[in-house]
Amino acid sequence: MNGLLKDYEVGDFFDEMFSAPGVVRPHYELVARRLGEMADGELARKCVLAEKSYLNQGITFTVYSGDEGTERIFPFDLIPRIIPAKEWEHVERGLVQRLTALNLFLHDIYHEQRILKEKIIPEEIVLSAKHFRPELIGFDVPKNIYIHICGTDLIRDRQGVYTVLEDNGRCPSGVSYVLENRQAMKRVFPKLFHKYPVRPVDRYAQDLLAALRYVAPHDNPDPTVVVLSPGIYNSAYFEHSFLARSMGIEIVTGNDLLVQDARVFMKTTRGLKQVDVIYRRIDDDFIDPTVFRKDSVLGVPGLIEAYRKGNVNLANAVGTGVADDKVTYYYVPRMIKFYLGEEPLLPNVETFLTSDEAERKYVLENLENLVVKAANESGGYGMLIGPHASREEIEKFRAAIIDDPRGYVAQPVISLSRSPSFCEGGAEGRHIDLRPYILSGEKTSIIPGGLTRVALRKGSLVVNSSQGGGSKDTWVLDDDEPVPESGQMTNPSALRPPPSALS
Amino acid sequence: MLSRVADSCFWLSRYIERAESNARILDVNMQLILDFEDQAPPLVQRHWRAVLATLEDQELYNELSQEITPDAVLEFVTFEKKNPHAIVTSIANARENARTVREQISSEMWEQINRTHLYLRDGRGRADFNDSPIDFYRRLVDQLHAFQGTTDATMLHGDGWDFIQLGKYLERADSTSRVLDIKYHILLPSGEQVGGNADITQWMAVLRSCSGMEAYLKTSVGQVTGWQVAEFLVLHDEFPRSIRFCVDQLDSALHRISDCDRGHFSNEAERLCGTLRSSLDYTTIGAVFQTGLHQFLDQTQLRLIQIADAITQTYCQWKDE
């Protein structure tokens, strides 16, 4: 190895690029060669170029401190993550299977509740879930689709097995970075793209619009679809506006909409115009102050009534948060068996429920070795990473678990796979995850790859942008043939079955 | 289009035009003062006070600063964040409005205004200003012109574009009337006659502040008189910054938005704008001077404000708000 990868340490992790120190996996060979050939400072210069283009395009999120917001870019790592076609095929099948089961589950718990009656999942787990919405029981959503857009976070364990870390079935964000990262990479490394059969990602917006149009009320063939955003002060506003622009539809805030006779209208210069489908990027809690949180100023009074009368559809459906619950997560492999009669293709991470007495005892005795997560938090908040935590933090979580056993789960610390990432002076291994975006419409489609998030802080396992995370472009190869075969590639059929969550 | 979006397009455009016009006013007056034979501070101060009066910034300026110096005025009108009309504030506001309508305007427009905003924010603008304020203002005006060009070349010429035209021409008509009014606030140095050298220099500065010097010379065979300059800036039907031209464009955009025939009106904004337009079409500069130029300009500014309010009420506000 020379150049940037000269002193690269593989470490005791699954490394995406290296199968052993100095041995590059076949599908990374061209990238490794290109990095090796780079002159001193070339990558750093390219990095500055890419950052400048993000800044000029306003691809930023705002961090507020004092009276003035500072706009930051989401750090972008120029070394791509590459997924061979065969590996991806397996991941894709696993995700379709998982999302199919989750949609069936949501329909079931808001209707017959078979899975509860047959005691596959304890009834109290679902009924006590923070985001379970009894208001929607018996309500039929168009085409029986609840999660139209799902972001499922995957990690690879020490053996490289793709494992599900969590499902985001409410308002998963980040897809705009997938599309913008690809643009940036094409600018910075145009030649590499010629050499790799990288599957394009730019159909996402069209697929999303098709999925949204498909679920219009009353099978309206020409529905008006809008994106509902909390507004420009929301940290994901760039993405909301990006998606609206890419779909060629309006972006609205709560104040732009009003409800009359259980129909939703937007206020236009030519009067009121009826809205049929709302891709909402506001959580259930804030969407209608007459039904959920009364203090919400972001929502639209009367929206839920219009929704229940079937005059407008919301994506994602109201009440999907129960599927995000980390206690529900524990049961997803059982859901798959129950609804589909199949074995899960993608395993869960081994999880302990603190609501179970025996497991709670184990968790409380081993807090310093475990990761504890609040059942209903996201974005890396409400999390304890035992080995990195202080005595105080551990005791705080111990008290919290005892106080609310249903509110937490625990998992062993997983050594996420690492990928070479550009750091000061060279490339170093950094932990990564992967969030593919899954669309459920007439068919289920998945963006090839998704968002690879990278924990840029040395040794950190937290990839969230709020906690020092960045992202990489993710290349799914269309065809593995041009890349020479080698025994070092992970063969999907060799993936081991999931470690049973039941044991 | 959404009422909120129409409102943002309108204001985005007003702020761009305002920043451009302020940059030009500062550039021209700075140069004009350099030409003064007498650089006595009271004279210079009186001149800048007149400029501040035109920009309606005098009160705030007095609150923030002790005395009037050229540097302090330039700083105040260009960079002072507490000044709601400062160039940096206008650009930041334009950009904030653009951000809320990013899916309506083209990416090229967004990137153009965002670049200008970053240029002023990250120190490059300040560095250029320190090197040469004149070059700095020119560069800024160029960037804002580029925004106008990008807008015309890349955006759908539909409702959104028309609301941008409304904002642009309203602000521009207002700005031309203010620039012309500077002449009312500036006193001639003692011993100078109306029609004398100093008077002509001041009228030329007024023309330059409206980018109108060259165009004016093409229509007036080399003579610069107050009468003719005022006629040119108020009533010329082809000069793109004359009040009449702007009001005509305003009227035309309003009728495109409503699909109502010109010469008729379908809402209050159109009625007010049509009235102003026809009075400008059928007046003469003699009649204007008979009323008094300052009074005429004052009235015109008032009527423009009424039109702006009517536009907001017709298109951008809802009863529940």
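These figures come from a predicted structure and were not determined experimentally.

A. How the structure looks around the packing of helix 9 (residues 159–185) of chain B against helix 16 (residues 293–316) of chain B. All names here are of chain B. Relative orientation of the contacting elements helix 9 and helix 16 amounts to 160°, with a least axis distance of 9 Å. Looking at the two axes, helix 9 sits roughly antiparallel to helix 16. Both helix 9 and helix 16 take part in a crossing whose hand is left-handed. Here Phe-163, Leu-166, Leu-170, Ala-173, Asp-174, Ser-177, Arg-178, Leu-180, Asp-181, Tyr-184 and His-185 of helix 9 come into contact with helix 16, specifically with Leu-293, His-294, Leu-297, Gln-301, Leu-304, Ala-308, Ile-311 and Tyr-315. Looking at the contact of helix 9 with helix 16, its residues break down into 12 nonpolar, four polar and three charged.

B. View of the pattern of salt bridges. All names here are of chain A. Tallying each qualifying case throughout the model produces 52 salt bridges over all chains. Between Lys-458 and Glu-428 there is a salt bridge whose closest N-O contact spans 3.4 Å. Highlighted residues: Lys-458 in the loop between strand 23 (451–455) and strand 24 (469–476) and Glu-428 in strand 20 (residues 426–435), separated in sequence by 30 residues. Note that Asp-433 is salt-bridged to Arg-453, the shortest N-O span being 3.0 Å.

C. Representation of the environment of Arg-263 of chain A within the structure. All names here are of chain A. By secondary structure assignment, the location of Arg-263 is in strand 11 (residues 263–268). Between the alpha carbons of Arg-263 and Glu-392 there is a distance of 52 Å; along the sequence they are 129 residues apart. If we skip the residues at most four places from it in the chain, Arg-263 touches Leu-258, Gln-274, Ala-306 and Asn-311.

D. Broad picture of the sheet that holds strand 15 (residues 352–353) of chain A. Residues and elements named next belong to chain A. Within the open sheet, the four strands sit side by side as 15-18-16-17. Their pairing is antiparallel. Two strands lie at the open edges of the sheet, namely strand 15 and strand 17 (383–385), each paired on one side alone. Of the strands in this sheet, strand 16 (370–374), strand 17 and strand 18 (408–412) are in contact with helix 16 (residues 391–403), which crosses strand 17 at around 130°.

E. Quick peek at the sheet that holds strand 13 (residues 277–280) of chain A. All names here are of chain A. Strand order in the open sheet made by the four strands is 9-8-13-14, with parallel pairing throughout. Each of the sheet's edge strands pairs with one partner strand only, and the pair in question is strand 9 (250–252) and strand 14 (313–315). Strand-to-strand twist across the sheet, computed as the mean angle between neighbouring axes with direction ignored, equals 30°. The sheet contact formed by strand 8 (residues 225–228) and strand 13 spans four bridges and is parallel. Looking at the pairing, Val-226 lines up with Ile-278 of strand 13.

F. Quick peek at the confidence of the model for chain B. Across chain B, the average pLDDT comes to 92, with 98% of residues at 70 or higher. The ipTM, which scores confidence in the relative placement of chains, is 0.82 for this predicted complex, and the corresponding pTM is 0.87.

G. Molecular detail of the interface of chain B and chain A. In this assembly, 29 residues from chain B lie in contact with 28 residues from chain A. Taking both sides of the interface into account, the surface hidden between chain B and chain A amounts to around 2,500 Å²; carbon and sulfur atoms contribute 43%. Scanning the region where chain B abuts chain A turns up two salt bridges. Between Asp-256 of chain A and Arg-4 of chain B there is a salt bridge whose closest N-O contact spans 2.5 Å. Residue contributions to the side of chain B that touches chain A peak at seven residues, all from helix 6 (residues 107–121) of chain B. Taken together, the residues of the side of chain B that touches chain A sort by class into 10 nonpolar, five polar and 14 charged.

H. Summary view of the domain arrangement of chain B. All names here are of chain B. On domain assignment, one finds that chain B holds domain 1 (1–154) and domain 2 (156–321). Placing the centre of domain 1 and that of domain 2 at their C-alpha centroids yields a distance of 20 Å. Between domain 1 and domain 2, the contact holds 29 residues from the first and 36 residues from the second. Buried area between domain 1 and domain 2, summed over both chains or domains, comes out near 2,900 Å², and the portion from carbon and sulfur atoms is 60%. It is Phe-10, Glu-17 and Thr-54 in domain 1 that bury the most area against domain 2; as a group they hold 20% of the surface buried on that side.

I. Representation of the packing of aromatic side chains within the structure. What the rule picks out here adds up to 28 aromatic pairs over all chains. With centroids separated by 4.9 Å and ring planes inclined at 25°, the aromatic side chains of Tyr-8 of chain A and Phe-18 of chain A adopt a geometry described as stacked. With Tyr-8 of chain A in the segment before strand 1 (18–20) and Phe-18 of chain A in strand 1, the pair connects residues that are 10 residues apart, well separated along the chain. Judged by relative accessible area, which is 10%, Tyr-8 of chain A ranks as buried. A residue is classified by how much of its surface remains accessible, and Phe-18 of chain A, at 1% relative accessible area, is buried. Taking the centre distance of 5.7 Å and the plane angle of 85° together, the rings of Phe-10 of chain B and Trp-11 of chain B count as edge-to-face. When its relative accessible area of 2% is taken as the criterion, Phe-10 of chain B is described as buried. Trp-11 of chain B gets classed as partly exposed once you look at its relative accessible area, which sits at 27%. Every member of this aromatic cluster is reached through a ring pair, and the members are Phe-79, Tyr-119, Phe-129, Phe-136 and Tyr-137 of chain B. Above the plane of the ring of Tyr-214 of chain A lies Lys-143 of chain A, whose end atom (NZ or CZ) is 4.7 Å from the centre.

Calculation rules
Residues numbered from 1 in each chain as written. Chains lettered and ligands numbered in written order. Predicted model: local features only at pLDDT ≥ 70, side-chain atom pairs only at ≥ 80, totals over all residues. Heavy atoms only, no water. Axes fitted to C-alpha atoms, helices over the stretch in contact; angles between N-to-C directions. Helix = DSSP H or I, 4+ residues; strand = E, 2+ residues; numbered from the N terminus. Parallel < 35°, antiparallel > 145°, perpendicular 65-115°, else oblique. Left-handed = near helix turned anticlockwise from the far one by under 90°. Contact = heavy atoms within 4.5 Å. Nonpolar A, V, L, I, M, F, W, Y, C, P; charged D, E, K, R; others polar. Salt bridge = Lys/Arg side-chain N within 4 Å of Asp/Glu carboxyl O. Pairing = 2+ DSSP bridges. pLDDT = per-residue confidence, 0-100. Buried area = accessible area lost by both parts, 1.4 Å probe. Domains from an automatic or database assignment. Phe/Tyr/Trp six-rings, centres within 6.5 Å; stacked < 30°, edge-to-face > 60°. Buried < 20%, exposed > 50% of the residue type's maximum accessible area, 1.4 Å probe, protein only. Lys NZ or Arg CZ within 6 Å of the ring centre and 35° of its normal.

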